[in-house]
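Now for the letters of each chain:
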Amino acid sequence: MAKIHPTSVVMDGAILGEDVEIGPLCYVGPNVKIGNGTRLISHCNVDGYTTLGENNVLHPFAAIGQVAQDHAVEAGSISYVEIGDRNVFRECTTVHTGTKPETKTIIGNDCLFMANSHVAHNCKVGNHVIYVNGSVTGGYAEVQDHAILSGLVAIHQFCRVGRFTIVSGSSAFSKDIPPFMVAEGRNGGPSTINKIGLQRAGFDSETISVIRQLHRIYFRSELTFPNALEKIKTELPQIPEVLEFIEFCENSPRGVVGKTGHHR
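To keep things clear, this report deals only with the structure shown in the data block. (Residues numbered from 1 in each chain as written. Predicted model: local features only at pLDDT ≥ 70, side-chain atom pairs only at ≥ 80, totals over all residues. Heavy atoms only, no water.)

## Digging into helix H2 (residues 205-220)
As a reminder, the rule being used: Think of it this way: any DSSP run of H or I at least four residues long counts as a helix, any run of E at least two long counts as a strand, and we number them from the N terminus. What a helix should span is 1.5 Å times the count of its residues minus one. Contacts described as polar in this section are N or O atom pairs within 3.5 Å, which, within protein, must combine one atom able to donate a hydrogen with one able to accept it, while residues neighboring in sequence count only if both atoms come from side chains.
The terminal C-alpha atoms of H2, which comprises 16 residues, lie 21 Å apart, in line with the 22 Å expected from a rise of 1.5 Å per residue. Of the residues flanking the start of H2, the one acting as N-cap is Asp-204, its side-chain oxygen 3.2 Å from the backbone nitrogen of Glu-206.

## Details of the environment of Thr-51
Here is the rule we go by: Each residue is placed in one exposure class: buried if its accessible area under a 1.4 Å probe, protein chains only, is under 20% of its type's maximum, exposed if it is over 50%, and partly exposed if it falls in between. Between two residues, a contact is recorded if the distance between any of their heavy atoms is within 4.5 Å.
With respect to the secondary-structure elements, Thr-51 resides in strand E9 (residues 49-52). For Thr-51, a relative accessible area of 33% translates into the label partly exposed. Thr-51 sits 13 residues away from Ile-64 along the chain, and the two C-alpha atoms are 9.7 Å apart. Contact partners of Thr-51, with chain neighbours within four places excluded, come to Lys-33, Val-81, Glu-82 and Ile-83.

## Points about the sheet that holds strand E3 (residues 15-16)
How we decide: Pairs of strands are assigned from DSSP output, requiring at least two bridges between the strands.
In space, the 8 strands of this open sheet follow the order E3-E6-E9-E12-E15-E18-E21-E24, with parallel pairing throughout. Of all strands in the sheet, those with a lone pairing partner are E3 and strand E24 (160-161), marking the two edges. Two strands pair when backbone bridges link them, and strand E15 (residues 104-107) and strand E18 (residues 124-125) are joined in this way by 2 bridges, in the parallel orientation. Bridge pairing links Ile-106 to Lys-124 in E18.

## A look at the packing of helix H3 (residues 225-235) against helix H4 (residues 240-250)
Condition: Here an axis means a line fitted to C-alpha atoms, over the contact stretch when the element is a helix, while the angle between two N-to-C directions is reported on a 0 to 180 degree scale. When describing relative orientation, an angle under 35 degrees is termed roughly parallel and one over 145 degrees roughly antiparallel, while 65 to 115 degrees is termed roughly perpendicular and anything else oblique. Rotating anticlockwise by less than a right angle from the far helix to the near helix defines a left-handed crossing, while the corresponding clockwise rotation defines a right-handed one. For this scheme, ten residues count as nonpolar: Ala, Val, Leu, Ile, Met, Phe, Trp, Tyr, Cys and Pro. Four count as charged, namely Asp, Glu, Lys and Arg, and the remainder, Gly too, count as polar.
The N-to-C vectors of H3 and H4 enclose an angle of 160 degrees; their axes lie 11 Å apart at closest approach. Overall, the two elements H3 and H4 adopt an arrangement that is roughly antiparallel. H4 is crossed by H3, and the crossing has left-handed handedness. Contact residues: H3 offers Leu-229, Ile-232 and Lys-233, while H4 offers Val-242, Phe-245, Ile-246, Cys-249 and Glu-250. For the contact of H3 with H4, the residue count by class is 6 nonpolar, no polar and 2 charged.

## Things to note about the layout of surface pockets
Where we set the bar: With a 1 Å grid laid over protein atoms only, a set of points is called a cavity when a 1.4 Å probe fits there but cannot get out and a pocket when it is open yet has protein on both sides within 12 Å along at least five of seven lines; lining residues have an atom within 4 Å of a point. Grid points are joined across faces, edges and corners, and a volume is the space filled by probe spheres set on the points.
Of the voids in this model, the largest pocket is the one considered here, and its volume is about 250 Å³. As for the largest pocket, its lining consists of 16 residues, and the residues nearest its centre are His-146, Ile-148, Asn-194, Gly-197 and Arg-200. In terms of residue count, helix H1 (residues 195-200) provides more of the lining of the largest pocket than any other element does, 4 residues in total. Considered as a void within the structure, the second largest pocket measures approximately 170 Å³ in volume. Lining the second largest pocket are 14 residues, and of these Val-67, Ser-77, Ile-78, Ser-79 and Thr-97 sit closest to its centre.

So this is what it looks like as structure tokens:
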């Protein structure tokens with residue numbers, strides 16, 4: 001059975017799984033579902049049409065499922081937050097519901113959201129993602145698996161951060177950042193690849209070497225971006241990581257980050 005501290009409020013209609021712990025001075029709204037083993041340590045607020053999976057941990061003043069910070073929200077409409085398993089939400093983390101009716105903000109599994117980080121409406125966050133203190137993603141942004149947003153990073157609405165990408169601290173991006181890169185500054189081209197992260201994840205040396213060549217062709221050469229992609233297609237082995245990079249860049253409505261002076 002769930003353990004609920006007597007100072008907390010769990011509204012009628014909320015669904016709590018086995019071994020859920022609701023600590024002191026928490027609020028759980030009537031349309032919330034909380035999976036087995038999830039803990040709200042204290043002073044947490046979970047509201048809206050929010051689903052939390054199993055074994056999540058919410059630290060004090062985490063606020064999940066509040067209405068989106070957007071003038072387009074329609075009063076009385078229903079939108080959702082869906083969160084997977086084993087995520088950690090540190091102090092003062094915020095995650096908001098979708099803006100339009102029947103839309104969702106989605107977070108996967110095994111993510112860490114450090115203090116004061118923010119996931120805006122309609123964002124899609126993958127698995128094993130880290131938001132370091134004060135990092136934020138605007139509405140409809142996407143952060144793919146194993147990405148890291150360092151401290152005080154700001155990702156503009158509708159932008160994407162690719163798989164295994166690191167965004168350096170205090171950076172701001174309003175364009176997409178392709179997978180496997182390390183990016184910093186304001187829309188600056190990736191300075192290098194995420195070699196250490198790839199090694200730790202078990203990528204072999206041959207694959208990392210190809211990703212390094214891919215980075216040099218796309219971000220270091222004097223080729224225009226379409227021509228760089230053609231060179232990547234014709235000269236590099238078409239391994240899954242190369243195909244992933246190509247697909248990411250070719251399907252980027254906002255455009256991919258790049259160095260000053262480069263043209264698409």
